[in-house]
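Residues per chain, in single letters:
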Amino acid sequence: MSDLRELYQEVILDHHKRPRNFGPLPEANHHAEGHNPLCGDRLAVHLDVEDGVIRGVAFEGAGCAISRASASLMTDAVKGKSVAEAERLFEEFRQMVTSGVDQAVEESLGKLTVFCGVREFPSRVKCASLSWHTLHAALESKDTAVSTE
Amino acid sequence: MSAVEQVSRSVRRAFDVEAVRRDFPILHQQIHGKPLVYLDNAATAQKPRAVIDAISNYYLSDNANIHRGVHSLSERATAAYEGAREAVRRFLNAAESREIVFVRGTTEAVNLVAHSYAQPALKPDDEIVVSVMEHHSNFVPWKMACEATGARLRVVPITDAGELRMDEYERLLGDRTRLVALGHVSNALGTINSAAEIVRLAHARGIPVLLDGAQAVPHMAVDVRALDCDFYAFSGHKLFGPTGIGVLYGKAALMDRMPPWQGGGDMISSVTLEEVRYNTLPAKFEAGTPDIAGAIGLAAAIEYLNGLDRVAAAAHEAALTRYVEERLSGFPDVTLFGRAPAKAGIVSFVMSSAHPHDIGTVLDQEGVAIRTGHHCCQPLMHRLGVPATARASFAFYNTREDVDRFVDALARVREMFG
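Only a predicted model underlies this, so the values are computations on that prediction, with no experimental measurement involved.

Another aspect to go through is the packing of helix α5 (residues 106-121) of chain B against helix α6 (residues 140-149) of chain B. All names here are of chain B. Running from N to C, α5 and α6 cross one another at 25 degrees; their axes reach a closest spacing of 9 Å. In terms of orientation, α5 lies roughly parallel with respect to α6. Between α5 and α6 the crossing geometry is right-handed. Between α5, through Val-110, Asn-111, Val-113, Ala-114, Ala-118 and Gln-119, and α6, the contact on the second element is made entirely by Pro-141, Trp-142, Ala-145, Ala-148 and Thr-149. Residues belonging to the contact of α5 with α6 are distributed by class as follows: 8 nonpolar, 3 polar and no charged.

So, in structure tokens, the structure goes:
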């Protein structure tokens, strides 16, 4: 059961039950939809980007605890950040849940390190990264839906 | 006690699940420190030692390419491969062994019929009848054939209990219907469709029927002549045999007239620079070196099943399914899908507190293997109004203790997410 607690840390369960920044964002000027065909999860990320800074961010959709909590924590993490900083976080997050990162990067990821346990569950890596891939697509304002496949 | 009761009692006594479990080496292992409970049988079934040994012995002592070999090994391999075809013929009670075509699996069998039977015959506005509960393998090939020809798919709806709407099915059969393609047993709901009735209604209008038997053959005896279906498809790996081998049964009168599927060795009778003459059944549809070891492994699986009391095995599975449904019905946060009175050992469900994916991960930590997702049935998931379900599927080697472990693990899910 200890492994499971590594995956489903309290912070994750909390964000799953009470997701932050969940819902539409009327002032948004960037959107993207993400889809994980493995589990049928779909989510949408809305961004309000002005002068290269993410002023507002929200997400909608249904998914498992990991994907929902990841989206929720992501919105908290990128709000107020520059586009370049958000892209850097995306890169670091992806590294953390696939190959792992050193301590300096861990510090920069802050709260997002609650997802480091995901690495031990290869089938769930896509759940954790779906929202980030969708954010990336929204920043590039690709109008097409992204998929984890 | 009536004679029927006596028979059913003795049958129930005859099925010794502990003895059967000893035949499946893989079941005896620990996952995350707990004994494995394997409830993903609808995805693929485990293999008895007899199957593993048959494949291993073939490679240890008989391996050679089949047909046209004049040396002893080739003759032995050919005899074993053609013997496997005869074993499948008897298993399905087909009239002739040339009606048995070895393919990679159910998917390839359906694609073969879509390519060589449906596509050449379809004209714009012709129709193929499928249902909303089909596996993608019995849906997408027909969709592709329709797109190539301008024909249309007609889709039989289901009831809320997960049964085919037979009234709608009958209504959809019309002058333009060229083929009916339906699952015998639903992989996501467990529903056992009324195959004989499906065939009877179609044949009354001169329409041929393909049955996708992938989920049926592991649970029940199938007699293609009694069903009178025109095509029947199944996969070896769901029948306790190896992956990579499957079967297409087709009535010789239909398959004789169908053009070949893939070109290559073995499917020809003569080749010159000017002309190719095709071989007869079944070689016409078996281009290239087939999965010889797979066919031999499949025959070993059939032989193993023939050695079991399949009526008793089915009764054991039915009792397990009733037991799991009974235990789950006590959980207010669990919704079961597929409540058809006639169903195989498949239990599909969602929990209000947890996504199927999270259920699957927690159960795995408890040593319990189930499947989560859309089960390659996205149209059905839309119909049920869920993105995914969790599915426990049973085989005759599962026990009541497996059910208890599974239900106890669901309690852990509730503890965590509830």
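Moving on, we come to the interface of chain A and chain B. With 22 residues of chain A in contact, the opposing surface of chain B contributes 16 residues. For the pairing of chain A and chain B, the buried interface totals around 1,600 Å² over both sides, and the portion due to carbon and sulfur atoms is 58%. The interface formed by chain A and chain B holds 1 salt bridge in total. Between B:Asp358 and A:Arg124 there is a salt bridge whose closest N-O contact spans 2.8 Å. Between chain A and chain B we count 6 residue pairs in polar contact (both at pLDDT 80 or more) in total. Going through the elements one at a time, α1 (2-7), α2 (10-17) and α3 (65-78) of chain A are the ones with two or more residues in the side of chain A that touches chain B. If one sorts the elements of the side of chain A that touches chain B by residue count, α1(A) sits on top with 4 residues. Residue composition of the side of chain A that touches chain B, by class: 13 nonpolar, 4 polar and 5 charged.

Let's shift gears to the pairing of strand β10 (residues 246-250) of chain B. All names here are of chain B. A large share of β10 lies buried, amounting to 5 of its 5 residues. The side-chain alternation of β10 yields two buried faces, one formed by Gly-246, Leu-248 and Gly-250 and the other by Val-247 and Tyr-249. Of the pairings in the sheet, the one linking strand β4 (residues 100-103) to β10 comprises 4 bridges and is antiparallel in character. Following the sheet pairing, Ile-100 is matched in β10 by Tyr-249. For strand β9 (residues 231-235) and β10, the ladder comprises 5 bridges, and the chain directions are antiparallel. Note on β10: the bridge partner recorded for Ser-235 is Gly-246.

Calculation criteria
- Residues numbered from 1 in each chain as written.
- Chains lettered and ligands numbered in written order.
- Predicted model: local features only at pLDDT ≥ 70, side-chain atom pairs only at ≥ 80, totals over all residues.
- Heavy atoms only, no water.
- Axes fitted to C-alpha atoms, helices over the stretch in contact; angles between N-to-C directions.
- Helix = DSSP H or I, 4+ residues; strand = E, 2+ residues; numbered from the N terminus.
- Parallel < 35°, antiparallel > 145°, perpendicular 65-115°, else oblique.
- Left-handed = near helix turned anticlockwise from the far one by under 90°.
- Contact = heavy atoms within 4.5 Å.
- Nonpolar A, V, L, I, M, F, W, Y, C, P; charged D, E, K, R; others polar.
- Buried area = accessible area lost by both parts, 1.4 Å probe.
- Salt bridge = Lys/Arg side-chain N within 4 Å of Asp/Glu carboxyl O.
- Polar contact = N/O pair within 3.5 Å; in protein donor to acceptor, adjacent residues only side chain to side chain.
- Buried < 20%, exposed > 50% of the residue type's maximum accessible area, 1.4 Å probe, protein only.
- Pairing = 2+ DSSP bridges.

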